[in-house]
Amino acid sequence: QVLLVESGGGLVQAGGSLRLSCAASGRPISSYTMGWFRQAPGKGREFVAAIRWSGGTTYYADSVKGRFTISRDNDKNTVYLQMNSLKPEDTAVYYCAAQWRLWIAVNNDAKYDYWGQGTQVTVSS
């Protein structure tokens with residue numbers, strides 16, 4: 001069992017930055033591919049970024065490529081999402097998720113085993 005807790009969300013103006021954190025407990029995240037997803041009001045859950053369980057390979061949605069960076073600190077058992085040049089359309093609840101030792105369909109939320117409770121990000125225009 002892995003417990004994931006997101007933090008770092010908030011209200012920011014367009015063009016600003018936020019860094020989200022996802023702290024894990026229960027098992028070391030070094031054995032998990034970690035992903036970030038988001039869900040805006042009235043919309044389905046959308047893939048944002050993922051980082052492979054070994055080697056650090058990353059993958060991003062086109063909508064955030066060049067603006068967002070996913071990283072992990074296995075010693076702290078934490079994954080981060082640095083979000084720069086934020087836009088109003090980035091407004092959503094952001095969730096982190098964990099996938100056991102796979103790098104398969106990382107943009108598919110059904111492939112993840114554990115989820116956090118989410119953190120709200122609101123970008124004002």
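Scroll up to find the structure this text is about.
None of the values given here were measured: they were computed from a predicted structure.

> With reference to specific residues and values, describe the sheet that holds strand E7 (residues 68–73).
A sheet is described by the order of its strands in space; here four strands give the open sequence E1-E3-E8-E7, paired in antiparallel fashion. Among the strands making up the open sheet, the edge pair consists of strand E1 (3–7) and E7. The sheet shows a mean angle of 15° between the axes of neighbouring strands, direction not considered. In terms of strand pairing, E7 meets strand E8 (residues 78–83) through six bridges, oriented antiparallel. Paired with Asp73 across the two strands is Thr78, which belongs to E8.

> Go over the side chain of Arg72 with me, naming the residues and quoting the values.
With respect to the element layout, Arg72 can be found in strand E7. The buried charged residue Arg72 lacks any salt bridge, with Asp73 as its nearest oppositely charged partner at 8.6 Å. At 2.9 Å, the side chain of Arg72 and the backbone oxygen of Arg52 are in polar contact. Within the local environment of Arg72, its side chain forms a polar contact with the side chain of Asn74, the two groups lying 3.1 Å apart. For Arg72, the residues in contact, after removing those within four places along its chain, are Ile29, Ser30, Tyr32, Thr33, Met34, Ile51, Arg52, Trp53, Thr78 and Val79.

Rules of the game
Residues numbered from 1 in each chain as written. Predicted model: local features only at pLDDT ≥ 70, side-chain atom pairs only at ≥ 80, totals over all residues. Heavy atoms only, no water. Pairing = 2+ DSSP bridges. Helix = DSSP H or I, 4+ residues; strand = E, 2+ residues; numbered from the N terminus. Axes fitted to C-alpha atoms, helices over the stretch in contact; angles between N-to-C directions. Buried < 20%, exposed > 50% of the residue type's maximum accessible area, 1.4 Å probe, protein only. Lys, Arg positive; Asp, Glu negative; His and termini not counted. Salt bridge = Lys/Arg side-chain N within 4 Å of Asp/Glu carboxyl O. Polar contact = N/O pair within 3.5 Å; in protein donor to acceptor, adjacent residues only side chain to side chain. Contact = heavy atoms within 4.5 Å.

Nothing here speaks to function; it is all geometry.
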